[in-house]
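Overview (structure and organization)
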Amino acid sequence: MATAEQIKSLIRSHVDEDRDRFLTIALQVAAHEARKGHSAIANDIKGLVDKAKSSSPKVIPFNRDFNDLVLGSTPHTRLADIILENSKTERIKRVILEYHKQDQLKKHGLANRRKILLAGPPGTGKTMTSSVLAGELKLPLYTILMDKLVTKFMGETSAKLRQIFDIISSQRGVYLFDEFDAIGAERGRENDVGEMRRVLNSFLQLIEHDSSDSLIVAATNNANVLDQALFRRFDDVLYYSLPTKDEAYHLINNRLANFKPTRMGKGPITDAAKEISHAEIVQACDDSIKDAILSDKNKVSIKVLKNMLRDRRSAYGNSKF
Ligand SMILES: Nc1ncnc2c1ncn2[C@@H]1O[C@H](COP(=O)(O)OP(=O)(O)OP(=O)(O)O)[C@@H](O)[C@H]1O
Ligand SMILES: [Mg+2]
């Protein structure tokens, strides 16, 4: 039988909706039973924990008002899937580590970094980073489509934002405010409407006062237009950019996997991938794999891949051909 302390801890972690802590304590109970020679019950508990760990985190639907504006998912994306410069990967790792060690930090009056701003060109991994955080932390990901929220609720956007922040504190998860510039644009810009200033002011207050256990991520293509007051509300600001040659080569290798041609020189292939985003490179790789499959080949043709990359470049408006 578990000790009274263990039962209390189990109840506490259940009330706090802290799934990881709950499962850790359950394993302690299993170890306690095993020490007492109750190996059957210990194995049963371990089996239940393993089953719980392999299942996806629960996505609790938002109320119907938020249909189409908040998308819930349970990503399985891992840090190893994303290709970024080392310093950025390290900063993402730090967010993950601080989340895991939040109790230790709290004992010293410190909070884990959990409000993060991601800025950079399309297709460079901002949304993917949110999926990595959710995947690594085994949390559900809720994406709030800011541009739609603003257009749908013009006049009551602030009230809706408040409701979203209420949910953030009651449902642990990673909350991605996508297209964040829809509300984050500088107060006092020429095209400023009074309503938008109010929305931004509410957001600033809400994010400042938020002390939930959730992670709040805001993503924008356009950090230049963001209000200066926003930056200090975030614990971390990560700037994304188009891949370097090394990153592009790494990405192509990863994506082609078994379809990778036996000899693929770095120079020519990365030249063809110049000035396009990670997302465009992934698309060109997938198109080349499709071509190989449809031509009954088990390797991608380098010529086809280069053409696909060039096609993406021209679609991107970078064509020099
Ligand atoms: N850094 C990266 N490493 C590996 N794959 C990437 C990376 N960035 C993008 N991709 C690929 O491109 C897809 C789209 O990227 P993502 O949605 O993260 O872009 P984004 O930066 O959010 O773009 P947008 O500003 O248009 O929303 C990803 O699902 C992934 O397949
Ligand atoms: Mg995105």
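Definitions and limits used
Throughout, residues of each chain are indexed from 1 in the direction in which the sequence is written. Starting at A for chains and at 1 for ligands, labels are handed out in the order in which the entities are written. Reporting in this predicted model follows two pLDDT cut-offs: at least 70 for local features of residues, and 80 or more for side-chain atom pairs to be given and counted; totals over whole chains, interfaces and linings ignore these cut-offs and use all residues. Any residue with 12 or fewer other C-beta atoms within 10 Å of its own C-beta is exposed, any with 20 or more is buried, and the rest are partly exposed; the C-beta atoms used are placed from the backbone. Helix numbers and strand numbers start at the N terminus; a helix is a DSSP run of H or I with at least 4 residues, a strand a run of E with at least 2. Each pair of strands is called paired provided DSSP finds at least two bridges between the two strands. Lines fitted to C-alpha atoms define the axes, with helix axes restricted to the stretch in contact, and inter-axis angles between N-to-C directions lie between 0 and 180 degrees. All residues are tested the same way: a C-beta atom is placed from the backbone, and lying within 6 Å of a molecule or strand makes the residue near it. For this classification, the nonpolar set comprises Ala, Val, Leu, Ile, Met, Phe, Trp, Tyr, Cys and Pro, the charged set comprises Asp, Glu, Lys and Arg, and every other residue, Gly included, is treated as polar. Here the limits of each domain have been adopted from an automatic or database domain assignment. Helix span, expected: 1.5 Å multiplied by one less than the number of residues in the helix. Arc, as used here, means the arc of the directions from the helix axis to the C-beta atoms. Whether two residues are in contact depends on their C-beta atoms, placed from the backbone: they are in contact if these lie within 7 Å.

Brief notes about the pairing of strand β2 (residues 115-119)
- With 5 of 5 residues buried, β2 lies mostly within the body of the structure.
- Burial along β2 is two-sided: the residues K115, L117 and A119 and I116 and L118 are all buried.
- By the bridge criterion, 5 bridges tie β2 to strand β5 (residues 215-220) in an arrangement that is parallel. The partner of L118 across the bridge, within β5, is A219.

Examining the environment of G155
- Mapped onto the fold, G155 is located in the loop between α7 (146-153) and α8 (157-170).
- When the C-alpha atoms of G155 and V199 are compared, they prove to be 9.1 Å apart, with 44 residues separating the residues in sequence.

Concerning the sheet that holds β2
- Overall, mixed pairing links the 6 strands, which are arranged β1-β3-β4-β5-β2-β6 in an open sheet. Two strands lie at the open edges of the sheet, namely β1 (70-73) and β6 (236-239), each paired on one side alone. Each strand of the sheet is rotated relative to its neighbour by a mean of 20 degrees, with strand direction disregarded.
- Summarising the sheet, strand β3 (residues 141-145) and strand β4 (residues 174-178) pair through 5 bridges and their orientation is parallel. Each residue of the ladder has a partner; that of I144, found in β4, is F177.

A short note on the site of ligand 1
- Close to ligand 1 lie 15 residues, the nearest being P122, G125, T127, H278 and A279.
- Elements supplying a minimum of two residues to the shell around ligand 1: α6 (126-137) and α14 (278-294).
- Broken down by class, the residue content of the shell around ligand 1 amounts to 8 nonpolar, 6 polar and 1 charged.

What about the domain arrangement of the chain?
- Segmentation of the chain into domains returns domain 1 (4-54), domain 2 (64-239) and domain 3 (245-315).
- Between domain 1 and domain 2, the C-alpha centre-to-centre distance is 33 Å.

Regarding helix α12 (residues 245-256)
- End to end, α12 covers 16 Å across 12 residues, agreeing with the expected 16 Å (1.5 Å per residue, within 8%).
- Regarding α12, the residues found buried are A248, Y249, I252 and R255. Seen end-on, α12 carries its buried residues on one side only, within an arc spanning 135 degrees.
- Structurally, α12 contributes buried residues whose contacts are with α13 (266-272) and α14.

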